[in-house]
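The residues making up each chain are set out below.
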There are 2 protein chains.
Amino acid sequence: MPKISAKGISMPESPIRKLVPFAEAAIKKGRQIYQLNIGQPDIKTPESALNAVRNHNIEVLAYSHSAGFEGYRTKLAGYYKQKDIPVESDNIIITTGGSEALLFAMGTIADAGDEVIIPEPFYANYNGFATASGVNIIPVESTIETNFALPPIQEFEKLITPRTKAILICNPGNPTGYLYTKEEIDQLAKIALKHDIFLVSDEVYREFTYDGATHFSIMSIPELKDHAIMIDSVSKRYSMCGARIGCLVSHNKEVIHTAMKFAQARLSPPTFEQIASEAALETPQSYFDDVIEEYTTRRNILISGLQSIEGVKVATPKGAFYCIAELPVADTDDFAKWLLEEFHLDNETVMVAPAAGFYSTPNTGLNQVRIAYVLKKENLERAIEILKVALKEYNQ
Amino acid sequence: MPKISAKGISMPESPIRKLVPFAEAAIKKGRQIYQLNIGQPDIKTPESALNAVRNHNIEVLAYSHSAGFEGYRTKLAGYYKQKDIPVESDNIIITTGGSEALLFAMGTIADAGDEVIIPEPFYANYNGFATASGVNIIPVESTIETNFALPPIQEFEKLITPRTKAILICNPGNPTGYLYTKEEIDQLAKIALKHDIFLVSDEVYREFTYDGATHFSIMSIPELKDHAIMIDSVSKRYSMCGARIGCLVSHNKEVIHTAMKFAQARLSPPTFEQIASEAALETPQSYFDDVIEEYTTRRNILISGLQSIEGVKVATPKGAFYCIAELPVADTDDFAKWLLEEFHLDNETVMVAPAAGFYSTPNTGLNQVRIAYVLKKENLERAIEILKVALKEYNQ
């Protein structure tokens, strides 16, 4: 039997997916499961995007430009300008999801053995992209006590070595829901400039901010011109997760030139999904207003519901649609499996994502879960009720 | 200015794309260019595929399964069975193009510094995927004199080291058009088994075989169960290059399990394009018969046309839609630029792909070009006429 690569063996399994076999078994037993574990919104995709695909007039489904449709990039630059992100079409490479943009970014700035500092907990797939790229993630811990705010800047500085190539943030954060303030972004910019390293910001949840808070992009800082790389995606903004359209954005011409070589090797991003994404740019503000209102309601239900459960601690999210909750259990991995394998309330149960997979420091976040509030109000309320009963039963 | 990675700097530029600026300048001067340089067919995409996308009834464009639609994989397995490739849906991972399948394969079987042996000339983007994966390509030369047949098996054995993880072939071959015989595939199978290494076969041109020759897949050899990894794509089969749908296929469960971890990290392949690809499986045999007839005509025009030019040597392709031609010039890179920058015949010129980019041995293939026969007959005839005049003028 020929050998699998060491890289392949060490590729992490998704912490969200590893419960799937248990969920499948529960479904076979007739259980209904409230899925609090995944970030797949139930929000409808804008009609403009879906119709543009219905009305396509393609005869030969040919390769598109490796950087994506010129027309789409031009309109996308217009969208960014409205968001105080002054970029032109040639600062943008359209990618197959934010996923590919992250892979291109890592390949462009880091070699095998190089280091990228990331506040943890962080989006679990960063682990996968880092492993695939041979890059070492150096975590800097943020805590539930501070709502997962930016760790003190000296904590970052302690970790910087000659192999540090970048700091990577997710803003607003998955899984924390934390929205960095302008002051926090300024602090990160200063440290990136001082040490001449990249600042990579995953801003796919830009639209999802609550309580009147506004998102501040690393791309809005002129001094960071050569140091800032933004990752973006249409997945969450337009509830188009299946489109797999994202982009890498930078003012640094060398970054764009290099990322383009990775883009050319894989030829082009998918055509129909670019058509959908370009049309989605016409989505009226009212769509987002409705979505934000809906998510605000859901967040409020979830947070107050969780706070009403004895022993549960939760960080109130200001953005995205996740929160991290600390549960009165020693091991949420065991608890999450138990919820699917043994527990039910009137034949219903809930699925949560154990948070340990969002940390790279071993034995961290063991009593935490990530909860996504992508369910309708009534379902969220019921899910919290189930969780409450389950915690009581589990702890007896 | 922060530093670009060594990997990023060494990422090769596509040999096909690097002439693009010269072509753009020529177009600005009003030149018409016959593009013999790219493998973008002009053949129409099957209506079934295009209509399936027009008729979609999606409301939420959600993530699909990381391995691709279960329904699509099941039907795809049915297609393979018809081609004497006995696989089931769980032997298949749907990828974003053959490109991603190649990246997953390299990540699954090779670590940084590991080696993959590839007969050269080979598809230029293998260089890009290898660089991105940190893998070293070890070329074994095939020659125009033998029509680019499989090099003697002892030439492979000489190159095998403890770091050799696989032999990678493209069958039928891009850029050579060579179709490996069953005997050649058997020889490769034996060497893979003897040295316990993988045999990876890129079979995206499976349908395109001429003169009654048939394709023989590595997947048809039962003994190669654990050693064979097939790469495939809908791009050429259905003239759906823009779909970016491919797949990785293997009977080796460890390979599938590991490649799935790479697949899960990037979440899923694009949804609309999977709908198109699933519908494309209904394409009637008559479509392929027409396409093969058309390509056979084009190939015959191209090959006899090239053979009629003094000093041109050409390997007759048995598959795919490319050939390698040796021209009576010292440096086809210079010649290809000259065609775009200086030459024209009644304001028309041709664009060819210098072949050096398809070799990894330095200073090889310098007097060769790759020509794709993806143009209509009349245009191919005209292109050959232009090339003939151009070669005469260039050599004066």
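Everything numeric here is computed off the predicted structure, so don't read it as measured data.

### Remarks on the environment of P139(A)
All names here are of chain A.
At step 1: Residue placement: P139 occurs in strand 4 (residues 136-141).
At step 2: Between the C-alpha atom of P139 and that of D290, which follows or precedes it by 151 residues, the distance is 36 Å.
At step 3: Apart from the residues within four sequence positions on either side, P139 is in contact with I118, E120, L159, S360 and T361.

### Concerning the domain arrangement of chain A
All names here are of chain A.
At step 1: Assigned domains within chain A: domain 1 (6-44 + 286-395) and domain 2 (58-280).
At step 2: Centre-to-centre, using C-alpha coordinates, domain 1 lies 26 Å away from domain 2.
At step 3: Contact residues are listed per partner, giving 40 residues for domain 1 and 34 residues for domain 2.
At step 4: Both faces considered, domain 1 and domain 2 share a buried interface measuring about 3100 Å² in area, 60% of it formed by carbon and sulfur atoms.
At step 5: Interface area lost by domain 1 to domain 2 is led by F288, K318 and F358, which between them contribute 18%.
At step 6: Viewed at the interface, domain 2 and domain 1 are joined by three salt bridges.

### Describing the packing of aromatic side chains
Residues and elements named next belong to chain A.
At step 1: Overall, the coordinates contain 38 aromatic pairs over all chains when judged by the stated rule.
At step 2: Their ring planes at 75° and their centres at 5.3 Å tell us that F208 and F321 sit as a pair that is edge-to-face. Of this pair, F208 sits in the loop between strand 6 (198-202) and strand 7 (228-233) while F321 sits in the loop between strand 9 (313-314) and strand 10 (322-326), and the two are 113 residues apart along the sequence.
At step 3: Taking the relative accessible area as the measure of exposure, F208 reaches 2% and is therefore buried.
At step 4: An aromatic cluster is present here, built from Y205, F208, Y210, Y295, F321, Y322 and Y373 joined pairwise through their rings.
At step 5: Over the aromatic face of Y295 sits the side chain of R298, whose NZ or CZ is 5.4 Å from the ring centroid.

### Here we look at the sheet that holds strand 4 of chain A
All names here are of chain A.
At step 1: The strand order 2-8-7-6-5-3-4 describes an open sheet built from seven strands, whose pairing is mixed. Edge positions in the open sheet fall to strand 2 (92-95) and strand 4, since each of these has one partner strand only. Going from strand to strand, the sheet's axes swing by 25° on average, the running direction of each strand aside.
At step 2: For strand 3 (residues 115-120) and strand 4, the ladder comprises six bridges, and the chain directions are parallel. For E120, the partnering residue across the bridge sits in strand 4 and is E141.
At step 3: On top of the sheet, helix 8 (residues 182-195) reaches strand 5 (164-170) and strand 6; it is set at about 170° to strand 5, its chief contact.

### Description of the relation of the copies chain A and chain B
At step 1: Mapping chain A onto chain B is achieved by rotating through 180° and translating by 0.0 Å along the same axis, at an RMSD of 0.0 Å. Read as a symmetry element, the transformation amounts to a two-fold axis. When each C-alpha of chain A is compared by its distance to the rotation axis, R54(A) comes out closest, at 2.0 Å.
At step 2: A symmetric contact is evident, with 100% of the interface residues of chain A recurring at the interface of chain B.

### Quick word on unusual backbone geometry
The bulk of non-glycine residues show a negative phi, and the bulk of peptide bonds are trans.
At step 1: The omega angle of the peptide bond from E120(B) to P121(B) is 0°, so this bond is cis rather than trans.
At step 2: Examined against the element boundaries, P121(B) turns out to sit in the loop between strand 3 (115-120) and helix 6 (125-133).
At step 3: Here N174(B) and P175(B) are connected by a cis peptide whose omega angle stands at 15°.
At step 4: Looking at the secondary structure, you find P175(B) in the loop between strand 5 (164-170) and helix 8 (182-195).
At step 5: We note that N363(A) has phi near 60°; this positive angle belongs to a residue other than glycine.

### Some thoughts on the interface of chain A and chain B
At step 1: With 76 residues of chain A in contact, the opposing surface of chain B contributes 76 residues.
At step 2: The contact between chain A and chain B buries some 6400 Å² in all, and 56% of this surface belongs to carbon and sulfur atoms.
At step 3: Taken as a group, P2(A), R17(A) and Y63(A) account for 10% of the area that chain A buries against chain B, more than any other trio of residues on that side.
At step 4: For the pair chain A and chain B, the interface holds two salt bridges.
At step 5: With a shortest N-O distance of 3.8 Å, K44(A) and E59(B) are connected by a salt bridge.
At step 6: Counting every contact that joins chain A to chain B gives 46 residue pairs in polar contact (both at pLDDT 80 or more).
At step 7: Among the elements that line the side of chain A that touches chain B, the one with the most residues is helix 9 (residues 253-265) of chain A, at eight residues.
At step 8: In the side of chain A that touches chain B, the residues fall into 34 nonpolar, 25 polar and 17 charged.

What counts, and at which threshold
Residues numbered from 1 in each chain as written. Chains lettered and ligands numbered in written order. Predicted model: local features only at pLDDT ≥ 70, side-chain atom pairs only at ≥ 80, totals over all residues. Heavy atoms only, no water. Helix = DSSP H or I, 4+ residues; strand = E, 2+ residues; numbered from the N terminus. Contact = heavy atoms within 4.5 Å. Domains from an automatic or database assignment. Buried area = accessible area lost by both parts, 1.4 Å probe. Salt bridge = Lys/Arg side-chain N within 4 Å of Asp/Glu carboxyl O. Phe/Tyr/Trp six-rings, centres within 6.5 Å; stacked < 30°, edge-to-face > 60°. Buried < 20%, exposed > 50% of the residue type's maximum accessible area, 1.4 Å probe, protein only. Lys NZ or Arg CZ within 6 Å of the ring centre and 35° of its normal. Pairing = 2+ DSSP bridges. Axes fitted to C-alpha atoms, helices over the stretch in contact; angles between N-to-C directions. Least-squares fit on C-alpha atoms with pLDDT ≥ 70 in both. Polar contact = N/O pair within 3.5 Å; in protein donor to acceptor, adjacent residues only side chain to side chain. Nonpolar A, V, L, I, M, F, W, Y, C, P; charged D, E, K, R; others polar.

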